[in-house]
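# Results of the structural survey
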Amino acid sequence: IPAGVGVAGVTIASQLINQQSPSSPSPISVDYSRLEGFLKAGEWKDADQETANLMLEVANREKEDWLDTESIQNFPCEVLSKIDRLWVDSSGGKFGFSVQKQIYIEHCGGKPDGQYDEKAWQCFGDRVGWRVKGNWITYDEVTFNTQAPRGHLPKGWGEILGKQFHLSVGNRYQGGASSLSSLSLRLVNCSR
């Protein structure tokens, strides 16, 4: 999750380092170099796909190719913070998880409780350009440049988070809403 996680503007990684007790597990080793390279080069689609890949790798869910609720709830804050910070910094504050969280909660009234909120989800989709004229766009229709609306990227996380709901209830949009709410909850918990 980009640095500045939400409104609080808290850098989660430094908090975690300062708050870890001697019995806490050591930080996870993650290679962000590909993601950094894609973002610095403005290769937004590659960066989006690399973000999804890193999330799956860190959660040890590559085989499943999607994240479940438990994976989201236990996702390492320092990794989420670093990914977010890279997106926010590279986009001048336009893209990132914390940007999406802010839009979902502050502008659309969504709650970071992991529950489906159709009104907030549709508002979010409209604001970030994932929904156009009442219709949800496909991944092929995502705008992978800085002309996209604020919060439009990253988008790939929604694909890997929403698959569990798509598989279980056949409604990817509901899954995306619950996933965004769960991810927002994780961001809120990480910033404490």
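Keep in mind it's a predicted model, so treat the numbers as computed, not measured. (Residues numbered from 1 in each chain as written. Predicted model: local features only at pLDDT ≥ 70, side-chain atom pairs only at ≥ 80, totals over all residues. Heavy atoms only, no water.)

## Some thoughts on the state of the cysteines
- Tallied over the entire structure, the rule returns 2 disulfides.
- Two residues, C77 and C190, share a disulfide whose sulfurs are 2.0 Å apart. Disulfide C77 to C190: torsion about the S-S bond roughly -85°, handedness left-handed. Taken together, the residues C77 in helix α5 (residues 77-90) and C190 in helix α9 (residues 172-190) connect sequence positions 113 residues apart.
- Relative accessible area serves as the criterion here: at 7%, C77 is assigned to the buried category.
- Paired by a disulfide, C108 and C123 hold their sulfur atoms 2.2 Å apart. Between C108 and C123 the sulfur-sulfur dihedral comes to about -70°; the bridge is accordingly left-handed. With C108 in the loop between α6 (97-107) and α7 (118-128) and C123 in helix α7, this residue pair connects regions lying 15 residues apart in the sequence.
- With relative accessibility at 12%, the residue C108 sits in the buried group.
- Going through the chain in sequence order and numbering each bonded cysteine, the pairs you get are 1-4, 2-3. (Disulfide = S-S within 2.5 Å. Helix = DSSP H or I, 4+ residues; strand = E, 2+ residues; numbered from the N terminus. Buried < 20%, exposed > 50% of the residue type's maximum accessible area, 1.4 Å probe, protein only.)

## Some thoughts on the packing of aromatic side chains
- Counted under the stated rule, the structure contains 9 aromatic pairs.
- Ring centres of W87 and F95 lie 6.5 Å apart, and the angle between their planes is 75°; this geometry places the pair in the edge-to-face category. Assigned by exposure class, W87 and F95 land together as buried.
- With a centroid separation of 5.7 Å and 15° between ring planes, the pair formed by W121 and F124 is classed as stacked. One end of the pair is W121 and the other is F124, both in helix α7 and 3 residues apart, which spans about a single turn. (Phe/Tyr/Trp six-rings, centres within 6.5 Å; stacked < 30°, edge-to-face > 60°.)

## Details of unusual backbone geometry
- Here the residue pair L153 and P154 is connected by a cis peptide bond, since its omega of -5° sits within 30 degrees of zero.
- By the element assignment, P154 lies in the loop between β2 (135-136) and α8 (156-169).
- For D65, which is not a glycine, the phi torsion comes out positive at approximately 70°.
- Mapped onto the secondary structure, D65 falls in the loop between α3 (44-58) and α4 (69-73).
- Despite not being glycine, K133 shows a phi value in the positive range, around 50°.

## Describing the side chain of D48
- Relative to the elements of secondary structure, D48 occurs in helix α3.
- No salt bridge is formed by the buried D48; its nearest oppositely charged neighbour, K155, is found at 7.8 Å.
- There is a polar contact of 2.9 Å between the side chain of D48 and the backbone nitrogen of G156.
- The residues touching D48, leaving out its near neighbours within four places in the chain, are W87, Y139, F144, P154, K155 and G156. (Lys, Arg positive; Asp, Glu negative; His and termini not counted. Salt bridge = Lys/Arg side-chain N within 4 Å of Asp/Glu carboxyl O. Polar contact = N/O pair within 3.5 Å; in protein donor to acceptor, adjacent residues only side chain to side chain. Contact = heavy atoms within 4.5 Å.)

## Concerning the side chain of S71
- Mapped onto the elements, S71 comes out in helix α4.
- A relative accessible area of 11% means that S71 is categorised as buried.
- At 2.5 Å, the side chain of S71 and the side chain of D68 are in polar contact.

## So, the nonpolar core
- The biggest cluster of nonpolar side chains holds 43 residues, and the ones touching the most others in it are L35, I83, W87, F97 and F124.
- Secondary-structure elements contributing two or more residues to this core are α2 (33-40), α3, α5, α6, α7 and α9. (Core = buried A, V, L, I, M, F, W, Y, C linked by side-chain atoms within 4.5 Å.)

## Quick look at the packing of α2 against α3
- Between α2 and α3, whose axes approach to 8 Å, the crossing angle comes to 160°. Here α3 runs roughly antiparallel to α2, going by the angle between their axes. At the point where α2 passes α3, the crossing takes the left-handed sense. Counted together, R34, L35, F38 and L39 of α2 and W44, D46, A47, E50, T51 and L54 of α3 form the full contact between these two elements.
- Considering only residue class, the contact of α2 with α3 consists of 6 nonpolar, 1 polar and 3 charged. (Axes fitted to C-alpha atoms, helices over the stretch in contact; angles between N-to-C directions. Parallel < 35°, antiparallel > 145°, perpendicular 65-115°, else oblique. Left-handed = near helix turned anticlockwise from the far one by under 90°. Nonpolar A, V, L, I, M, F, W, Y, C, P; charged D, E, K, R; others polar.)

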